[in-house]
Amino acid sequence: MTNMFSNNQSINKSLDHLFTLIKDQNDKINQLRKPQPNLSIENHNQVKKLEQCRGVPSFYNYLKTGNGNGPFLELADGSVKYDMINGIGINLLGYSHPIYIQSHLESALKDSMICGNLLPDHSYLSFCNQILENINQSKLEHFWFATAGSLANDNALKILWTKTHPKTRLITFEKTFAGRTIAGQNITWNKKYKENLPELIDVDYVPGPSDAKTAAQITIHSLEKLIEKNGNIYSAFLIELIQGEAGFIFGDSQYYQQVLTWAKQHGIYIWIDEIQTFARTTELFAFQMFNLHDLVDIVTIGKALQICGTFYTHELNPKAGVLGGTFAASYSSLLVANRSLNFLLNNNIYGTKGLIQEIHNHFIENFNRLQKKYGEQVIPYFGGVGLMISFEVGDSSYELTWKFLNQLFDNGVIAFSAGQKPARIRFLPSLMTTLSHIKEVFDIIEKTLSEIIIKDK
Ligand SMILES: Cc1ncc(COP(=O)(O)O)c(C=O)c1O
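Conventions adopted
- Residues numbered from 1 in each chain as written.
- Predicted model: local features only at pLDDT ≥ 70, side-chain atom pairs only at ≥ 80, totals over all residues.
- Heavy atoms only, no water.
- Domains from an automatic or database assignment.
- Contact = heavy atoms within 4.5 Å.
- Buried area = accessible area lost by both parts, 1.4 Å probe.
- Salt bridge = Lys/Arg side-chain N within 4 Å of Asp/Glu carboxyl O.
- Helix = DSSP H or I, 4+ residues; strand = E, 2+ residues; numbered from the N terminus.
- Near = heavy atom within 4 Å.
- Polar contact = N/O pair within 3.5 Å; in protein donor to acceptor, adjacent residues only side chain to side chain.
- Areas by Shrake-Rupley, 256 points an atom, 1.4 Å probe, with all protein chains shown as cover.
- 1 Å grid on protein atoms, 1.4 Å probe; cavity = no way out; pocket = protein on both sides within 12 Å on 5 of 7 lines; lining within 4 Å.
- Sits in = over half its atoms within 2 Å of the grid points.
- Nonpolar A, V, L, I, M, F, W, Y, C, P; charged D, E, K, R; others polar.
- Points joined across faces, edges and corners; volume = space filled by probe spheres on them.
- Pairing = 2+ DSSP bridges.
- Axes fitted to C-alpha atoms, helices over the stretch in contact; angles between N-to-C directions.
- Buried < 20%, exposed > 50% of the residue type's maximum accessible area, 1.4 Å probe, protein only.

Attention shifts here to the domain arrangement of the protein chain. Each domain of the protein chain was delimited in the assignment, giving domain 1 (25–103 + 351–454) and domain 2 (107–345). Contacts between the two partners involve 32 residues from domain 1 and, on the opposite side, 31 residues from domain 2. When domain 1 packs against domain 2, the two sides together hide about 2500 Å² of surface, and 59% of this comes from carbon and sulfur. A per-residue breakdown of the area domain 1 buries against domain 2 is headed by S103, V385 and M388, which together make up 26% of the total. Across the domain 1-domain 2 interface, the total number found is 1 salt bridge. The shortest N-O distance in the salt bridge between R426 and E245 comes to 3.0 Å. Taken together, the elements giving at least two residues each to the side of domain 1 that touches domain 2 come down to α3 (86–89), α4 (98–107), α12 (355–374), β15 (381–385), β16 (388–392) and β19 (424–427). Of all the elements, α4 adds the most residues to the side of domain 1 that touches domain 2, at 4 residues.

Below, the structure written as structure tokens:
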């Protein structure tokens, strides 16, 4: 392994040695394992304690051990499972990827744990440089780190509002999810997430992408009605190009071109939330895949590279003082972000023949096969883009979906739900998901279908 920092030979040798030991240990986690009865009781007690600490029930009955390998995750009950959701999309490269191990080890050579915005170093600078170069076809020229996707969105909002003052009203699609800050929850469509919270931000929702051939006209008609009713008091149009929490609902290039062009013509800034889509579609950014380079004004990212932040144009660059904050990211995250970006851009990951599309195709072929075998009553829907894949089972109700998810978990696959009506099962698999992993995951899906869905028919 090549260390970015140390010229000290004995430190480098020790790091190499540790790297090999850690990698060897995790490499052994390479197949499913059932829970062990003695560890299961302890795991259960720990989960109960955690529930008490957090004051809410856990979705699943587990803590993880911290060991994993590719799609495999070791849990505290001794089991090893396929993790098809990996913490809602954190580990794009798969558990214990050499880049992760190496970055962790090297960050121990740093003088502290977290890089502050007032203490930027070379890893901070090189990430900004590298990523801004990748989007030089757009007008995005600046990047500011944030410690969560929600905070990247808050920064986007501040940047927009300082520019469009006194216009603060936003437009977004129905079913938008914008994060967990007060602003994020205000903007989010799902009322369940904002019960009794004051409505501090004025947001209008319009119908988003749908399968209808007239989807763009429907959206634009609603936009026009808004302007007719309220006048043009809008600061920005916030768009999730592939609506994550809604279950991966998306339009095509033409749809977005038409809708975004309408907004541009009305002087409304285009804010793209790529917190879930970033690095997971067939281009590094979903706006690149949909060919929207000329139309985007502000873009937020998170999750996949373990750092978060906001891109903005020169026109939107706010005065000093608007953006700030103590922390930018941990040093290990900054190293991961730099190296992941290099890895992603230099290994045939993107494009219609890249690895992401290949993994996607394998999932879709298998869903096709299962739907043909069991019918649309058993699998009414499957789809998605790149490494964002979702499907529905049975009546697509939230209750049945979670019954299925819990059984899927017991059978060895961790996934998560998205959306309510319909509820979908959501996969955000890592890049290290091979054909043989996919085959085994589908064997488990099929088993679970027979236990939960087909049995009930
Ligand atoms: C589209 C979208 N926006 C914002 C967020 C919030 O990001 P974070 O959870 O990192 O604050 C998420 C997280 O799931 C998301 O999917």
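Around the ligand, the surrounding shell holds 13 residues, and the nearest of these are G149, S150, D273, Q276 and K303. With respect to the ligand, the side chain of S150 contributes an N or O atom lying 2.5 Å from an oxygen atom. Here K303 contributes a side-chain N or O atom positioned 3.0 Å from an oxygen atom of the ligand. In the complex, 84% of the free accessible area of the ligand, which totals 390 Å², lies under the protein chains. Here the ligand occupies the largest pocket. Top contributing element to the shell around the ligand by residue count: helix α6 (residues 149–164), with 3 residues. Grouping the constituent residues of the shell around the ligand by class yields 4 nonpolar, 5 polar and 4 charged.

Quantified by volume, the largest pocket comes out at close to 1500 Å³. Along the wall of the largest pocket there are 50 residues; nearest its centre are F59, I88, E245, F416 and R426. Looking at the lining of the largest pocket residue by residue, the class counts come to 22 nonpolar, 15 polar and 13 charged. Approximately 370 Å³ is the volume found for the second largest pocket. Around the second largest pocket sit 19 residues that line it, and G66, N91, S96, Y100 and H104 are the ones nearest its centre.

It is worth spelling out the sheet that holds β19 at this point. Ordered in space as β15-β16-β19-β18, the 4 strands form an open sheet in which the pairing is antiparallel. Lying at the two open borders of the sheet, with one neighbouring strand each, are β15 and β18 (416–418). Averaged over all pairs of adjacent strands, the angle between their axes in this sheet comes to 30°, without regard to strand direction. Note that β16 and β19 share 3 bridges and pair antiparallel.

This part covers the environment of F311. With respect to the helices and strands, F311 occurs in strand β13 (residues 308–313). Classification of F311 as buried rests on a relative accessible area of 0%. Each C-alpha atom, one on F311 and one on A108, is 29 Å from the other, the two residues being 203 residues apart in sequence. Among residues more than four places away in sequence, those in contact with F311 are I131, L132, I135, L140, H142, F143, F285, D297, I298, V299 and I301.

This brings us to the environment of K23. By secondary structure assignment, the location of K23 is in helix α1 (residues 9–27). Overall, the relative accessible area of 23% leaves K23 in the partly exposed class. Taking the C-alpha atoms as reference points, K23 and A183, 160 residues apart in sequence, are found 41 Å from one another. Those residues within four positions of K23 in sequence are excluded, and the remaining contacts are P98 and I101.

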